[in-house]
Amino acid sequence: MTAMATAHSEVFGRLEWARRVWCLGAIHADLARLTGVHDALAARLRPGDRLVYLGNMIGHGPAAVDTIDELLAFRRHFLALPGMEPWDIVHLRGAQEEMWTKLAQLQFAPNPREVLAWMIGQGVGATIRSYGIDPDSGFGHCRDGVLAITRWTARLMQAVHDRPGHDEILSGLRRYATTGPAGLLFVNAGLDTGRPLSEQRDTFWWGSGTGFPAEGPAYGDFRLIVRGFDRAGGGPRLGPHRATVDGGCGFGGKLVAACFEPDGTVADWLEI
């Protein structure tokens, strides 16, 4: 497979020829911490660096729209650096982005009212409100049937479309990213070490029932698995084969950005 074909995969991001990889843990629409990390990161980037956002960029926090605007602004800064290409920066799908995608298909759910209530309780309500729509207005449409729900979800998607670049971010999400064989693997919440990457499905953003112990075994020939969200809120952890870079951002904690060498060594670390 050529570098160009791999780079444009709709499933995963391939960070080829990476000298270092910066990755940001879950943001949860905490704009102040994101801009703080971006400001610090701008002074630390070097030629050959790559950048991965590890999912859960939106959700829970009130500033989803402004957060995506900030992601777009920093993407422009990153791509303006010498030698950077569009596929050198990857945005992963987290549970929040997956729920947002499923929200657009709410009319097909057998119990749409219950699904909407669950999503709102999981943090999607704040994202809906950020786009200028009252999340509770969806319940009335659920009561009125499929066509009413379709009109409501179309309004949500139009609100995204009306924000320049938001479609590009939310439709270009990847399931995982890798630097290649015997390299680094980047995921949102975890993975099932008993399955190949092609069979992980939603394990990437919902995590595995076995958790993600820092001292867990290697996965295949990857040197290090890096995840950006810990549902249990255990904080950043570094092990021989696994790393968690979630500082609890969006829940009163810090936003973590970690920089890894190709062999898994930590080259730099930011917490805002």
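Scroll up to find the structure this text is about.
**Considering the pairing of strand 2 (residues 20-24)**
Counted residue by residue, strand 2 has 5 buried out of 5 residues, so it is predominantly covered. What you see with strand 2 is no split at all: Arg20, Trp22 and Leu24 on one side and Val21 and Cys23 on the other are buried throughout. Pairing geometry for strand 2 and strand 3 (residues 49-53), over 5 bridges, is parallel. Each residue of the ladder has a partner; that of Cys23, found in strand 3, is Val52. Tracing the backbone out of strand 2, into helix 2 (residues 31-42) and back to the parallel element strand 3 gives a crossover that is right-handed.

**A look at the environment of Phe222**
For Phe222, the location among the structural elements is in the loop between helix 9 (203-206) and strand 7 (224-227). In this structure Phe222 comes out as buried when scored by relative accessible area, which is 12%. Sequence spacing of Phe222 and Asp263 is 41 residues, and the spatial spacing of their C-alpha atoms is 9.5 Å. Setting aside residues up to four positions removed in sequence, Phe222 forms contacts with Thr178, Gly180, Gly183, Leu184, Leu185 and Leu197.

**Here we look at the pairing of strand 11 (residues 266-271)**
With 5 bridges joining them, strand 10 (residues 256-260) and strand 11 adopt antiparallel strand pairing. In the strand pairing of strand 11, Ala258 is matched with Trp269. Linking strand 10 to strand 11, which pair antiparallel, is a turn of 5 residues; within it Gly264 sits at a positive phi near 95 degrees.

**Some thoughts on unusual backbone geometry**
Positive phi, close to 60 degrees, is recorded for Trp17, a residue that is not glycine. Along the polypeptide, Trp17 turns up in the loop between strand 1 (12-14) and strand 2. One non-glycine residue, Arg201, lies in positive phi territory at about 50 degrees. Within the element layout of this structure, Arg201 appears in the loop between strand 6 (184-187) and helix 9. Classification of Arg201 as exposed rests on a relative accessible area of 60%.

**A few points about the pattern of salt bridges**
This model, assessed by the stated rule, comprises 13 salt bridges. Between Arg50 and Asp88 there is a salt bridge, with the nearest N and O atoms lying 3.0 Å from each other. With Arg50 in strand 3 and Asp88 in the loop between helix 3 (64-79) and strand 4 (89-91), this pair connects stretches of sequence that are 38 residues apart. Of the two residues examined, Arg50 and Asp88, each falls in the buried class. Asp230 serves as the salt-bridge partner of Arg227, at 3.3 Å between the closest nitrogen and oxygen.

**A closer look at the side chain of His38**
In this structure, His38 sits in helix 2. Other than its neighbours up to four places away in sequence, His38 contacts Leu24, Tyr53, Glu70, Leu71 and Phe74.

**Topic: the sheet that holds strand 3**
Strands sit in the order 4-3-2-10-11 across an open sheet of 5 strands; the sheet is mixed. On the outer flanks of this sheet lie strand 4 and strand 11, each paired with one strand and no other. Mean inter-strand twist for the sheet, computed between neighbouring axes without regard to direction, equals 15 degrees. Most of the contacts of helix 2 go to strand 2, to which it runs at about 165 degrees, and overall it touches strand 2, strand 3, strand 10 and strand 11. Sheet strands touched by helix 3: strand 3 and strand 4. Its angle to strand 3, the strand with the most contacts, is close to 170 degrees.

**A word on the side chain of Arg20**
Secondary-structure assignment places Arg20 in strand 2. Its relative accessible area of 6% is what places Arg20 among the buried residues. Among the polar contacts made by the side chain of Arg20, one reaches the main-chain carbonyl oxygen of Arg44 at a distance of 3.0 Å. Every residue in contact with Arg20, bar those within four places of it in the chain, is listed here: Arg44, Leu45, Arg46, Gly48, Asp49, Arg50, Cys259, Phe260, Glu261 and Ala267.

**As for the packing of aromatic side chains**
Scanning the entire structure with this criterion turns up 5 aromatic pairs. Here the aromatic rings of Trp118 and Trp206 are separated by 5.9 Å at their centres, their planes lie at 50 degrees, and the arrangement is tilted. Of this pair, Trp118 sits in helix 5 (residues 112-130) while Trp206 is found in helix 9, placing the two residues 88 residues apart along the sequence. Cation over ring: Arg93 sits above Trp205, and NZ or CZ is 5.7 Å from the ring centre.

Each value, and the rule that gives it
- Residues numbered from 1 in each chain as written.
- Predicted model: local features only at pLDDT ≥ 70, side-chain atom pairs only at ≥ 80, totals over all residues.
- Heavy atoms only, no water.
- Buried < 20%, exposed > 50% of the residue type's maximum accessible area, 1.4 Å probe, protein only.
- Helix = DSSP H or I, 4+ residues; strand = E, 2+ residues; numbered from the N terminus.
- Pairing = 2+ DSSP bridges.
- Right-handed = clockwise from strand over helix to strand, strands pointing away.
- Contact = heavy atoms within 4.5 Å.
- Salt bridge = Lys/Arg side-chain N within 4 Å of Asp/Glu carboxyl O.
- Axes fitted to C-alpha atoms, helices over the stretch in contact; angles between N-to-C directions.
- Polar contact = N/O pair within 3.5 Å; in protein donor to acceptor, adjacent residues only side chain to side chain.
- Phe/Tyr/Trp six-rings, centres within 6.5 Å; stacked < 30°, edge-to-face > 60°.
- Lys NZ or Arg CZ within 6 Å of the ring centre and 35° of its normal.

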